[in-house]
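What the coordinates show
If you want the building blocks of each chain, they are given just below.
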Amino acid sequence: MSDYWKNKIVLITGGSSGLGRELAAEFAKNGARIILAALEKDLVESAVADFQKEGVDVVGFVTDVTSNDDVQALKRGIEQRFGRLDALVNVAGRTDRGKVETLTAEHVAKVMELNFFAMVRVTQTMLPLLLESRGNIINIGSLAAKAASRWTGAYPSSKFAVAAYSQQLRLELRERGVRTLLVCPGPIARETERLYPLKGLEDLPEEARRPGAGVKVSRLKPEYLVRRILRAAEMGKPDLVLPGKARLLFTICQLFPKLGDWLILRNT
């Protein structure tokens, strides 16, 4: 454990539950001061209370990241309370399921609104603070940001957009001191596996309910994943793909699309 994050102000969207909360705990363990921003008031208050019991310097904001007014209010709250921001972690998002033949533009827009447009909204709003601190941006993508698979609806399209946006941020901001990390993790191991509800999508195979729509990779332990994310950001890495062996598949998909499609069909 290094002192890199000690006393740094870290904003985590979607930070009241799931991966966002696990990242908050890891940042706190490394000495950071935490800002949780999430939509559900009860979850925000519960997460803040739990962290405060452990002595964590934390504050929560009930924020709809799809709302310009809410995100602007979040920025004002950060400026008033802390006067600066050292890191933005864009976690808020949603998964999706469905066949591409039934995918409507309206449905894609809904998924893109939270998974991509909200990320752009928060990043652009917080960017002046991050430029001033020469801080870090961490965008949570997915293996689906590198290669699409069946039955996952608008999810891969939204995450591909996250990957492209992250690269643009790296290219344009690195000389100004802001470092951007794209994180592309596979499914995360949970004590109870979260199954996607298929109400109205009963014609999809049962495997589509599983994390990653049944992708055949080992589940990532949350504690391992969050440690790797903090370390990669600290080192200034451009992206983090876990499990690492997935990089080979992504390379094949780029160089040999037909072979890549065959491998994806076989492993999902």
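An account of the accompanying structure is given in this report. (Residues numbered from 1 in each chain as written. Predicted model: local features only at pLDDT ≥ 70, side-chain atom pairs only at ≥ 80, totals over all residues. Heavy atoms only, no water.)

**Section: helix α7 (residues 246-255)**
Basically, it comes down to this: Note on classification: 1.4 Å probe, protein chains only; a residue is buried when its accessible area is under 20% of the maximum for its type, exposed when over 50%, partly exposed between these limits. Helical segments are the DSSP runs of H or I of at least four residues, strand segments are the runs of E of at least two, and each set is numbered from the N terminus. Here the arc refers to the set of directions running from the helix axis out to each C-beta atom. The criterion used for residue contact is that any of the two residues' heavy atoms lie within 4.5 Å.
For α7, every residue scored as buried is listed here: Ala246, Phe250, Ile252 and Cys253. Here the buried residues of α7 occupy an arc of 160° about the axis, which is enough to place them on one side. Turned more than 90 degrees from where α7 packs its buried face, Leu248, Gln254 and Leu255 sit exposed. Buried residues along α7 sit against β7 (239-242) and α8 (257-267).

**Considering a nonpolar patch on the surface**
The cut-off we apply is this: Patches were defined on residues exceeding 30% relative accessible area and lacking a salt bridge, with like-charge contacts within 9 Å and nonpolar side-chain contacts (Val, Leu, Ile, Met, Phe, Trp, Tyr) within 5 Å. Each accessible area is a Shrake-Rupley estimate made with a 1.4 Å probe; only the visible protein chains count as cover when residues are assessed. Criterion for a salt bridge: a side-chain nitrogen of Lys or Arg within 4 Å of a carboxyl oxygen of Asp or Glu.
Where nonpolar side chains cluster on the molecular surface, the patch consists of Leu255, Phe256, Leu259 and Trp262 and spans about 440 Å² of accessible area. Along the polypeptide, phenylalanine 256 turns up in the loop between α7 and α8.

**Here we look at the packing of aromatic side chains**
Cut-off, in case you're wondering: Aromatic rings from Phe, Tyr and Trp, taking only the six-membered ring of Trp, are treated as a pair when their centres fall within 6.5 Å; an angle between ring planes under 30 degrees marks them as stacked, one over 60 as edge-to-face, and anything in between as tilted. Consider the ring centre and the ring normal. A charge sits over the ring if Lys NZ or Arg CZ is within 6 Å of that centre and within 35 degrees of that normal.
Counted according to the given criterion, the structure contains four aromatic pairs. Ring geometry for tryptophan 5 against phenylalanine 27: centres 4.9 Å apart, planes inclined by 90°, an arrangement best described as edge-to-face. Of the two residues, tryptophan 5 sits in the segment before β1 (9-13) while phenylalanine 27 sits in helix α1 (residues 18-29), which places them 22 residues apart along the sequence. With relative accessibility at 0%, the residue phenylalanine 27 sits in the buried group. With centroids separated by 5.6 Å and ring planes inclined at 50°, the aromatic side chains of phenylalanine 116 and phenylalanine 117 adopt a geometry described as tilted. Overall, phenylalanine 116 belongs to the buried group, its relative accessible area being 15%. Overall, phenylalanine 117 belongs to the partly exposed group, its relative accessible area being 37%. By way of ring pairs, the aromatic residues Tyr4, Trp5 and Phe27 are connected into one cluster. Its end group placed over the ring of tryptophan 5, lysine 8 keeps NZ or CZ at 5.8 Å from the ring centre. Its guanidinium or amino end placed over the ring of phenylalanine 51, arginine 21 lies 5.5 Å from that ring's centre, counting from NZ or CZ.

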